[in-house]
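Observations on the model geometry
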Amino acid sequence: LPYCSVTVIAEKFSPDTTGDGAAGILLAKEFPDIPIERQRRWFKETFDHLLAIADSPQAADAGVYLSSGYHVFKEIPCEKKPYWSDFVFGFRYMTDHEMKRFPNHKFGQAFTTLKCECLSYLPWLEKRFRAVGGQIIYEKVTDLHKLAQNYDAILNCSGLGSRFLVKDEEVYPVRGQMLKISAPWLKNFVRDGDGLTYIYPGIRYVNIGGTRQADDWRMEVDKEDSKGILERCCQLEPSLRASQVMGEWVGLRPTRANPRVEREYLHVQGRQVPLVHNYGHGSCGVTLSWGTALDTLDLLRQSLSEKPPQARL
Ligand SMILES: Cc1cc2nc3c(=O)[nH]c(=O)nc-3n(C[C@H](O)[C@H](O)[C@H](O)COP(=O)(O)OP(=O)(O)OC[C@H]3O[C@@H](n4cnc5c(N)ncnc54)[C@H](O)[C@@H]3O)c2cc1C
Ligand SMILES: O=C([O-])CC(=O)C(=O)O
């Protein structure tokens, strides 16, 4: 969208957002009420975009790279081949020989996907954004109507904050706790299909998790959760018993039955100000980031084409 000026307003920036602690693995669950073609597009556009970064000299600064591993299941899932299996590399079912490493599991998928470490990626994006003249403001927004007095359009990407900002009670927290582990010998990820136990080797450390506690707003580390995470992960990967815990982290996934990527107008002092929402990605915010952002941009274009085209965002 050329010839517009863009301001990002947020209460918190990197390293204090939910994304900063996320493992950043590209792996999606299926949302019930969003056409599967749209979800496929969201995944593919994000994957292709991040792959181009991973394949470029920018990869190290951006913290984006290919990551291979196993997704193992205690019971054979109804959907053995997820909708995104065509977009990652080398998706296949694990062999009996491989499954012997996971005696408590019956079925597994092996593939190479991407890992986007937001602790690097977000500052990298911010630098690029500033370099082309983007404005950044640290501020908590409490009233979108008031904000709209000074802008021609608004994109609402406030995650869990939308519960208060646009009074959307459908978005709720799913608390996730993880440990940062030093285990440099681990190179492949392993994820249990129930989403409660996973091991993601990264640039700085190995992320191990996790928890999924719905409607739990606690941001403090829970020592019992940490103990449980360590026990479960050591069961999945016994070599972890020799590892060292470097840190603990808690984040609240901005969860919604379906992410909200849709548009409306704010009525402000006789003007209709386009408002496009893009929030509620739950545990797939990194995975679907670029695809949902492109949809958001399309929706904004649609709104602006119904309005005078000169826009200041
Ligand atoms: C333990 C854990 C592991 C995860 N692992 C992965 C993974 O491997 N892959 C993956 O794809 N996803 C993962 N996620 C999910 C991912 O972190 C989220 O989906 C993603 O961060 C959501 O991004 P967001 O920008 O919508 O929300 P956030 O990152 O929460 O950002 C919201 C922003 O809005 C701002 N804001 C909110 N309200 C206001 C307001 N009123 N005024 C001003 N600013 C406001 C906040 O300050 C913040 O800057 C994980 C999450 C957790 C907790
Ligand atoms: O589920 C995973 O593998 C990682 C993740 O996205 C989360 O914990 O939200």
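This text follows the structure it describes.
The structure contained in this document is the topic of the report that follows.

Conventions we followed
- Residues numbered from 1 in each chain as written.
- Chains lettered and ligands numbered in written order.
- Predicted model: local features only at pLDDT ≥ 70, side-chain atom pairs only at ≥ 80, totals over all residues.
- Heavy atoms only, no water.
- Near = heavy atom within 4 Å.
- Helix = DSSP H or I, 4+ residues; strand = E, 2+ residues; numbered from the N terminus.
- Nonpolar A, V, L, I, M, F, W, Y, C, P; charged D, E, K, R; others polar.
- Axes fitted to C-alpha atoms, helices over the stretch in contact; angles between N-to-C directions.
- Parallel < 35°, antiparallel > 145°, perpendicular 65-115°, else oblique.
- Left-handed = near helix turned anticlockwise from the far one by under 90°.
- Contact = heavy atoms within 4.5 Å.
- Core = buried A, V, L, I, M, F, W, Y, C linked by side-chain atoms within 4.5 Å.
- Buried < 20%, exposed > 50% of the residue type's maximum accessible area, 1.4 Å probe, protein only.
- Pairing = 2+ DSSP bridges.
- Lys, Arg positive; Asp, Glu negative; His and termini not counted.
- Salt bridge = Lys/Arg side-chain N within 4 Å of Asp/Glu carboxyl O.
- Polar contact = N/O pair within 3.5 Å; in protein donor to acceptor, adjacent residues only side chain to side chain.

A short note on the site of ligand 1
Taken together, 30 residues lie around ligand 1, and Lys12, Thr18, Val141, Gly282 and Thr287 are the ones closest in. Taken together, the elements giving at least two residues each to the shell around ligand 1 come down to helix 1 (18–21), strand 7 (172–182) and strand 12 (244–255). With four residues, strand 12 is the single largest residue contributor to the shell around ligand 1. Its residues assigned to classes, the shell around ligand 1 comprises twelve nonpolar, 13 polar and five charged.

Considering the packing of helix 2 (residues 36–54) against helix 9 (residues 289–305)
Across the interface, helix 2 lies against helix 9 with an axial gap of 6 Å and an inter-helix angle of 115°. With respect to their mutual orientation, helix 2 and helix 9 come out roughly perpendicular. For the pair helix 2 and helix 9, the sense of crossing is right-handed. For the pair helix 2 and helix 9, contact is made by Arg38, Arg41, Trp42, Glu45, Thr46 and His49 and by Ser289, Trp290, Gly291, Thr292, Leu294, Asp295 and Leu299, respectively.

As for the environment of Phe102
If you trace the backbone, Phe102 turns up in the loop between helix 4 (96–99) and strand 4 (107–116). Residues Phe102 and Ser68, spaced 34 residues apart in sequence, show a C-alpha to C-alpha distance of 17 Å.

Quick look at the nonpolar core
Of all hydrophobic cores here, the largest spans 40 residues; its most connected members are Phe43, Leu50, Val64, Trp84, Leu114 and Tyr121. Counting only elements with at least two residues in this core, the list comes to helix 2, strand 4, helix 5 (118–131), strand 9 (198–201) and helix 9. In terms of residue count, helix 2 provides more of this core than any other element does, seven residues in total. Ignoring anything within four residues of it in the chain, the contact list for Leu50 reads Leu26, Val64, Leu114, Cys116 and Tyr121. Membership of the second largest hydrophobic core comes to 19 residues, among which are Ile181, Ala183, Val206 and Ile229.

Considerations on the sheet that holds strand 6 (residues 154–156)
In space, the three strands of this open sheet follow the order 6-14-13, with mixed pairing throughout. The open sheet is flanked by strand 6 and strand 13 (260–268), the only strands paired with a single partner. Across the sheet, the mean angle separating the axes of adjacent strands is 25° when strand polarity is ignored. Both strand 13 and strand 14 (residues 271–279) contribute to a ladder of nine bridges, which runs antiparallel. Each residue of the ladder has a partner; that of Glu262, found in strand 14, is His277.

Focus: the side chain of Arg253
One can find Arg253 in strand 12. The side chain of Arg253 sits in the buried core without any salt bridge; Asp216 is the nearest counter-charge, 9.9 Å away. Of note is the side chain of Arg253, whose polar atom sits 3.2 Å from the backbone oxygen of Arg175. In this structure, Arg253 is in contact with Tyr172, Pro173, Val174, Arg175, Gly176, Tyr198, Thr211, Arg212, Gly282 and Ser283, ignoring residues within four places of it in sequence.

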